[in-house]
Amino acid sequence: MPTDVTRLFDFPYYQLDTYNLNNAFSTKHNGKWETISTQTYIDKANQLSRGLLKIGLQPNDKVAIISTNNRNEWNICDIGILQTGAQTVPIYPTISKEDYQYVINHSEAIYCIVSDETILEKLNQIKGDTQLKGIYTFDDIKGEKSWKEILKLGEDTSNQKEVEARKKAVKPTDLATLIYTSGTTGKPKGVMLSHDNVVSNVIASKKRVPLEYGNSKGLSFLPVCHIFERMILYLYQYCGVSVYFAESIEKLTENAQEIKPDVMTAVPRLYEKIYDKIILKGEDLTGIKKKLFFWAVNLGLKYEPYGANGWWYEKQLGLARKLIFSKWQAALGGQLKLMVSGSAALQPRLTRIFAAANMPIMEGYGLTETSPVISVNDQINGNFRVGTVGKIIDDVEVKIAESGEILVKGPNVMQGYYKDPEKTATILKDGWFYTGDKGEFDKDGFLKITGRTKEMFKTSGGKYVIPPLLEGELKQSLFIEQVMVVGENEKMPAAIIQPNFEYLTDWAAHHNITYTSNEEIITDKRILDAIQEAVNHCNKNFGKWEQIKVFKLTPDIWSIDGGQLTPTMKMKRAVIKKMYHHLYEEIYRGS
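Everything numeric here is computed off the predicted structure, so don't read it as measured data.

Engineer: In this structure, what is going on with the packing of aromatic side chains? I would like to understand it.
Structural biologist: What characterises a pair of aromatic rings is the spacing of the ring centres plus the angle enclosed by the ring planes. A full pass over the atoms with the stated rule returns 18 aromatic pairs. Note on Trp 33 and Tyr 244: the rings are 5.5 Å apart at their centroids and 85° apart in plane angle, and the pair reads as edge-to-face. Note that Trp 33 is positioned in strand 2 (residues 32-36) and Tyr 244 in strand 10 (residues 241-245), a separation of 211 residues in sequence. Among the residues examined, Tyr 244 registers a relative accessible area of 10% and is labelled buried. Taking 5.4 Å as the distance between ring centres and 85° as the angle between the ring planes, the aromatic pair formed by Phe 138 and Trp 147 counts as edge-to-face. Exposure class is identical for Phe 138 and Trp 147. Each is buried. Members of the aromatic cluster, connected to one another through ring pairs, are Tyr 271, Phe 293, Phe 294, Phe 325, Trp 328 and Phe 354. Across the ring face of Tyr 238, the terminal group of Lys 206 is positioned such that the distance to the ring centre comes to 4.4 Å. The lysine or arginine in question, Lys 429, covers the ring of Tyr 434, its NZ or CZ lying 4.7 Å from the ring centre.

Written as structure tokens, this is what we have:
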């Protein structure tokens, strides 16, 4: 009989009892995939637990993990630490050393496990200002402690009974992990998630997974320090999916062709980049091949699920899939049955085109505070609707407040913010979590996100504007990568835009145009006219008071390192407004 899953470290044991995979996790090192079985995964986790006990780790101690990439070792550490009754504190690798220091001190982490020299270099600059007792590395680094030293201590099995006692003492309601939200303003907040928060979310989400349990492969590359990918990895374990960790986003296509995954998860920006590259390849075609390519694309952009467009559309779609879309599939391994999108709104055109290409993207909705899934589209049960984030998962309750805000109640809702009862009290009221997102249900119970309560603003004329709606429409242009709508208390809305420089460089080459800098690109009349056309097209869908009257382009690529984006690729609106204050002043003051 399979293990009853009530704590996060029960997942590997459930997988062993139910599927016993030879390929539980695989990481590529030096050009070769290194694979561990379910049994090895459990053995290593127990070995680590024994070693951690020997270095004095106590229940409720905190251990930070910082890794530049997803790898087998991360998951072994996660389970090994949790089994001792201690808690994990995953940290984004890309944040500043000052943020490292803040999270480590705020969480009171006493040990830190890091992946490589890059992280270690940053950590070493601030470790003296923390309470860390030790730092261990996954990679072998001269003069540094390796995590293998803890494993070595755990080769002695004499204290396994103590490990079992520690495991038995962990209750489902106990704190499992502190996840520090990247936040668009202020210091990161430590979200307290219990074992039951995440376990309940995995079990409810399993019903939406249209895969062959025990015989499917998943490609993982989103940061596992974020609850989205981490919950997905637990879900894969629960469904018997063999997990392969991509070497990097740059090598995603290459890795996909090697392993031929059935499923992968991504954020909208990545799907946008994949689509942009496909369209550019189509632009390079000539003659009948080019006509066929764009006939298929235009057909795909009209896609509706469940044959809603009628038999003639489906007949054409079958031909398009055979002639054109099959090549898209092949670029990602040829076996993809499902892609999942989260973290931000997915443009409906991408939902349509990839579903038409037989690689459906199931968009979901959730937050770190909800472990994370609240709703998700589900093709197999007839619960797939373009432009929505699907129906609410089991055991989760959602209601829309009079203000339009989405409120959530359920076992997936966090315990609160660590050491911050005041902030917790502002968003957890009478058991309801106030998401800060605005939404509505359609007549069939599909949830649609309509904006953020904090992002909505009034113009000086007293009219409301919802920036995400305008931004989503504008980003449908291949020329626009990022856009922020501004205009609070001003006479009109305007937009600060980061052009899609990667696409524009290829577009320019295709048109025999040479640019020497981004500054040159953003002053080219052809580019300005193309973006003005996109703005005009967008404006047709909005009331006069909402329409974008002026836009300004930035020469910078908005990024995490540049400070414009959070680690989950959300815009830091206050930072962007401050960074491009001169453009804002040009728009509204003419100076």
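Still more to cover.
Engineer: Help me understand the sheet that holds strand 11 (residues 263-266) in this model?
Structural biologist: Two orientations exist for strands paired in a sheet by backbone hydrogen bonds: parallel and antiparallel. Within the open sheet, the 9 strands sit side by side as 2-1-10-9-11-12-13-14-15. Their pairing is mixed. Of all strands in the sheet, those bounded by a partner on one side alone are strand 2 and strand 15 (391-392). As defined by bridge partners, strand 12 (residues 338-341) adjoins strand 13 (residues 361-366) across 3 bridges and the pair is classed as parallel. Residue pairing for strand 13: Ser 341 is matched across the bridge by Glu 363. Packing of helix 11 (residues 268-283) onto the sheet brings it into contact with strand 11, strand 12 and strand 13, and relative to strand 11 it is tilted by some 110°.

Engineer: How should I be thinking about the packing of helix 8 (residues 195-206) against helix 9 (residues 227-239) in this particular structure?
Structural biologist: Think of two packed helices as two axes; the pair is described by the angle between the axes and how far apart they sit. Relative to each other, helix 8 and helix 9 sit at 60°, their axes nearing to 9 Å. By the angle between their directions, the pair helix 8 and helix 9 is classed as oblique. For the pair helix 8 and helix 9, the crossing hand works out as right-handed. Between helix 8 and helix 9, the contacting residues are Val 198, Asn 201, Val 202, Ile 203, Ser 205 and Lys 206 on the first element and Ile 227, Met 231, Tyr 234, Leu 235, Tyr 238 and Cys 239 on the second.

Engineer: Sorry if this is basic, but what is going on with empty space enclosed by the protein here?
Structural biologist: Over the atoms a probe the size of a water molecule is rolled, and this reveals where empty space is left. One pass over the structure, following the stated rule, counts 2 cavities of 30 Å³ or more. Here the largest cavity defines a volume of roughly 50 Å³. Together, Arg 269, Glu 272, Asp 276, Gln 347, Arg 349, Lys 475, Ser 477, Leu 478, Ile 480, Glu 481 and Asn 500 line the largest cavity. Of all the secondary-structure elements, those providing two or more residues to the lining of the largest cavity are helix 11 and strand 24 (480-486). Of the residues forming the lining of the largest cavity, the biggest block, 3 residues, is contributed by helix 11. Residue classes in the lining of the largest cavity are distributed as 2 nonpolar, 3 polar and 6 charged. There is about 40 Å³ of room inside the second largest cavity. What lines the second largest cavity is simply Tyr 41, Trp 74, Asn 75, Asp 78, Val 224, Arg 230, Leu 233, Tyr 234 and Gln 237. Top contributing element to the lining of the second largest cavity by residue count: helix 9, with 4 residues. A per-class count over the lining of the second largest cavity returns 5 nonpolar, 2 polar and 2 charged.

Engineer: Which parts of the structure should I look at to understand unusual backbone geometry?
Structural biologist: Leaving glycine out, the prevailing phi sign among residues is negative, and the prevailing peptide bond configuration is trans. Following Ser 371, the chain continues into Pro 372 via a peptide bond in cis, with omega recorded as -5°. In this structure, Pro 372 sits in the loop between strand 13 and strand 14 (373-376). Positive phi, normally seen in glycine, also occurs at Asn 20, with a value near 45°. Tracing the chain through its elements places Asn 20 in the loop between helix 1 (10-18) and strand 1 (25-29). By relative accessible area, Asn 20 is classed as partly exposed at 44%. In this structure, Asn 30 is a non-glycine residue whose phi angle is positive, near 50°.

Engineer: What exactly am I supposed to notice about the environment of Leu 57 here?
Structural biologist: Mapping Leu 57 onto the fold places it in the loop between helix 2 (38-54) and strand 3 (62-66). Filtering out sequence-adjacent residues up to four positions away, Leu 57 remains in contact with Leu 52, Val 63, Thr 84, Ala 86, Ile 110, Tyr 111 and Arg 166.

Engineer: Would you take a moment to explain helix 8 for this structure?
Structural biologist: Each full turn of the α-helix corresponds to 3.6 residues, which orients residues three or four apart in the same direction. A rise of 1.5 Å per residue sets the reference length of helix 8, with its 12 residues, at 16 Å; its end C-alpha atoms lie 17 Å apart and thus fit the reference within 8%. Most of helix 8 sits out of view: 10 of its 12 residues are buried. Among the residues of helix 8, those classed as buried are His 195, Asn 197, Val 198, Val 199, Ser 200, Asn 201, Val 202, Ala 204, Ser 205 and Lys 206. Residues of helix 8 that are buried make contact with helix 1, helix 3 (72-82), strand 7 (175-180), strand 8 (190-194), helix 9 and strand 14. Of the residues that open helix 8, the one with a side-chain oxygen 3.3 Å from the backbone nitrogen of Asp 196 is Ser 194.

Reading the values: the criteria
- Residues numbered from 1 in each chain as written.
- Predicted model: local features only at pLDDT ≥ 70, side-chain atom pairs only at ≥ 80, totals over all residues.
- Heavy atoms only, no water.
- Phe/Tyr/Trp six-rings, centres within 6.5 Å; stacked < 30°, edge-to-face > 60°.
- Helix = DSSP H or I, 4+ residues; strand = E, 2+ residues; numbered from the N terminus.
- Buried < 20%, exposed > 50% of the residue type's maximum accessible area, 1.4 Å probe, protein only.
- Lys NZ or Arg CZ within 6 Å of the ring centre and 35° of its normal.
- Pairing = 2+ DSSP bridges.
- Contact = heavy atoms within 4.5 Å.
- Axes fitted to C-alpha atoms, helices over the stretch in contact; angles between N-to-C directions.
- Parallel < 35°, antiparallel > 145°, perpendicular 65-115°, else oblique.
- Left-handed = near helix turned anticlockwise from the far one by under 90°.
- 1 Å grid on protein atoms, 1.4 Å probe; cavity = no way out; pocket = protein on both sides within 12 Å on 5 of 7 lines; lining within 4 Å.
- Points joined across faces, edges and corners; volume = space filled by probe spheres on them.
- Nonpolar A, V, L, I, M, F, W, Y, C, P; charged D, E, K, R; others polar.
- Expected span 1.5 Å × (residues − 1).
- Polar contact = N/O pair within 3.5 Å; in protein donor to acceptor, adjacent residues only side chain to side chain.

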